[in-house]
Every structure is written in C-alpha cells, then in structure tokens.
Amino acid sequence: MSGPHPAVAACRVAVRDALGDLELGTRIWVACSGGPDSLALAAAASYVGRKHGYLVGAIIVDHGLQPDSAVVAERAAHEVRRAGIHTVHIEKVIVGRSGGQEAAAREARYTALEARIDREGGLAPLLLTGHTMDDQAETVLLALARGSGARALSGIPARRGRIVRPFLNVRRKDTMMACEALGLDPWHDPTNTVEDGPRRSALRSKVMPAMIEVLGPGVVSGLARSAALLQADADELDRQARSAMGTSVSTVRSDEWRCDMLAALPDAIRTRMLKMLAENRGAGPLTATHVAALDSLVTAWKGQGAISLPGGFEARREYGRLVISHPSEEERRP
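Calculation criteria
- The residue count restarts for each chain, going from 1 along the sequence in the order it is written.
- With the structure being a predicted model, the display of local features is reserved for residues of pLDDT at least 70 and the display and counting of side-chain atom pairs for 80 or more, all residues being used for whole-chain, interface and lining totals.
- Heavy atoms throughout the structure, all of them, feed into the side-chain values; hydrogens and water do not.
- UniProt positions are given in the numbering used here, feature names are shortened, and annotations may be inferred rather than shown by experiment.
- Helix and strand assignments follow DSSP, with helices taken as H or I runs no shorter than four residues and strands as E runs no shorter than two, numbered in order from the N terminus.
- Residue burial is assigned from relative accessible area. The probe radius is 1.4 Å, only protein chains are included, and a residue is buried under 20% of its type maximum, exposed over 50%, and partly exposed in between.
- Contacts are assigned to residue pairs with any non-hydrogen atoms lying within 4.5 Å of each other.
- The Shrake-Rupley method, run with a 1.4 Å probe, gives the accessible areas here. Residue values count only the displayed protein chains as cover.
- In this charge count, Lys and Arg are treated as positive and Asp and Glu as negative; neither His nor the chain ends contribute.
- Just so you know, the charge point we use is NZ for Lys, CZ for Arg, CG for Asp and CD for Glu.
- Basic side-chain nitrogens of Lys or Arg form a salt bridge, by our definition, when they fall within 4 Å of a carboxyl oxygen of Asp or Glu.
- Cavities and pockets were defined on a 1 Å grid built over protein atoms only: a cavity is a set of grid points that admits a 1.4 Å probe from which the probe cannot escape, a pocket is an open set flanked by protein on both sides within 12 Å along at least five of seven lines, and lining residues are those with an atom within 4 Å of any such point.
- Grid points are joined across faces, edges and corners, and a volume is the space filled by probe spheres set on the points.

The name an unreviewed UniProt entry gives the protein chain is tRNA(Ile)-lysidine synthase, with Demequina lignilytica as the organism. The UniProt entry for the protein chain carries this comment under Sequence similarities (unreviewed entry): "Belongs to the tRNA(Ile)-lysidine synthase family." Quoted verbatim from the Subcellular location (unreviewed entry) heading of the UniProt record, the comment on the protein chain is "Cytoplasm".

> So what about the overall build of the protein chain? Which residues, and what values?
Counting secondary structure elements, the protein chain contains 13 helices and 10 strands. Along the longest, intermediate and shortest principal axes, the C-alpha atoms of the protein chain span 75 × 50 × 40 Å. Residue burial in the protein chain is summarised as follows: out of 334 residues, 44% are buried. Once local pairs closer than 6 in sequence are excluded, the contacts in the protein chain between residues at least 24 apart make up 70%. For the protein chain, the exposed surface amounts to about 17100 Å²; the carbon and sulfur share of it is 54%. Charge-centre separation for the protein chain: the mean point of 42 positive side chains lies 2 Å from the mean point of 39 negative side chains.

> Requested: an account of the pattern of salt bridges, with residues and values cited.
Evaluation of the coordinates by the stated rule reveals 26 salt bridges. The residue Asp135 makes a salt bridge to Arg204 at a minimum N-O spacing of 3.3 Å. Here Asp135, found in helix H5 (residues 133-146), pairs with Arg204, found in helix H8 (residues 199-215); they are 69 residues apart in sequence, far enough to count as distant. Assessed through its relative accessible area of 22%, Arg204 is described here as partly exposed.

> Any details on the layout of surface pockets? Residues and values, ideally.
Its volume calculated, the second largest pocket comes out at about 370 Å³. For the second largest pocket, the lining is made up of 23 residues, of which Ala158, Arg165, Pro166, Leu168 and Asn169 are closest to its centre. Among the elements that take part in the lining of the second largest pocket, helix H9 (residues 218-245) stands out by supplying six residues, more than any other.

Quick look at the structure:
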C-alpha cells in the first residue's frame, strides 16, 4: 500500500484543515495525556508542523491522582518523542475539590497548559487537544441527561480562543488505528473501564455501545452533527444577547437593569442576557436554576425577596430594576 495508512492520513488532514494558513514559525502546542487520541494528534501535528514550518511542542499534565501518575507522564513523554515531537514539558498540578474531581482536574489541567504556553511565548501560539467525534457525542448525551440548553447541547467547540480541537470529525477508532499503524504505544486510562469510574466512563463503556447496537453506528456522527448545528444557533443567540446588553436596559448604575425592558426581550435572548449580566458581575458559573430564578424576578415578580448567586452575590428587584450585587459592595456604598 502506497502512502500512509488511511487513519494516519485522516488525522493529518484534520490537523491541517483545523490550522488553516498560519505564519511560518507559529508555535503549536499539543496537550497530550499519552492516550490514543492525543498521541495520534501529536503525530499528526508533528507531520503537519514539519511540512508547513510550524514549531510543534507537547505539554503533558501530571494530575497526581493515581500512584503511578509520574510514571504515566514519563511514558507519555517518551511516546510523544517517538511521534516526532522533541520539545516536551511535563506539568505537575494539584487537583482541588471544588465541583467534583473531574471538573477540578480539568480546571487544573487547563490552568497549567495556559501557564506553560504563556511562559514559552512565541508567535500567536495555539493549543491542540485530542477531543474526537466520540467525545462530542458523549458530551451531547450528558447535556441531554442534565436537561441543558442549546449552548451545552452544542457540545465542544472546534475552536475557542487559542484552543483548537482538530479531531471533532475523527472517530476514536481512527486514532487507535493511527497509533497502531505508526507503531506508537498509547496509554489506556483504567478509569475508562471500571464500574465505579467517572460518569463519562460509564457512558462510554455501557450507554454508547447500547445506542449503537439499537440505532446503528450513525448515532455518533448524528449526535456530533446536531452539536454543530446547535453551535451556530447558540452563537447567534449569544451575539444578540450581547447586542441587547448595549441598549438602554441598563440604568445609571452598572449593577442594575430595567425590568420592563428586559421583560420585553424574547425569552431566548433575555435568559442568555441575564446569565451574561450576572457572570460579568462575577457571579458564576450560573446553572439553569439560577437563570430561572433571575428570570422570575424580571417577568413574574410577586414580591419575592433576593436570590443567592454563586460567589456570594445576590439578585433582587428594587423599584422596577434588577440589581445584582455583592454584600461587601453594598457596605462600601455611601
């Protein structure tokens, strides 16, 4: 067979298309766990980087959540170098407890990745992550189970800021085949198979196979396609909400807004705007329950008192205005 294995070629094309035309010498970082997805991404990025003149490096985060995490990180670094990337950094982090272990690990990971990129500098650096179409489908299903709105159902964005996810149209099985074809030895996270592992692991090992058996293999691409469609809708609704924030709904004070003008907005715009207003003040992240309570102050006020928001903030209605403030700020006001 001439040319690369089809799975290897698919990974390279995905990276090339995601990066587009970048300046010569652009720094590209790959977030790598040593698993098949990120290892296949490292190999593809290395190839594309050599061909187009990008400077490609890899960052491995050691979360310290397993006794042999340092060994796993060193193994990942070894495989990344075999994949063609020789600038490799291992970042050890301490995972907190806020929001559950999975969320805390994600926050610690991205904080470490961003910090390393900032320290290294370079020409408009980008960070590539190995999220696949299967990850996208799982994310949509989790959002459905939680009763989430369009933004959550739109799944993982292909690009946000300097974070780029080239593999959202690539199946997980293809990244595994790419690693096999290239002779790479990926690490397989044991928590993906244990019965009492993270919720996403149970979804991956039990729910998705059952759905594929009942609905056919197209269910994965169908869920990912729905996410892409909802992404465009959610982006437009967010744009309209941001635009509405610049109108006369605000008053002289920056922490209060006219309820009559808020109530006149379409529901989809108003609820997004309320979430943005509160989170811009520092109260967040907000859940659907918080947003519904805010909306009731605007559209269904019957004398109810203040509602509590994350970060110690509160929202209340005063003289036809929605006020979002922190008690410490109120004490400082003359």
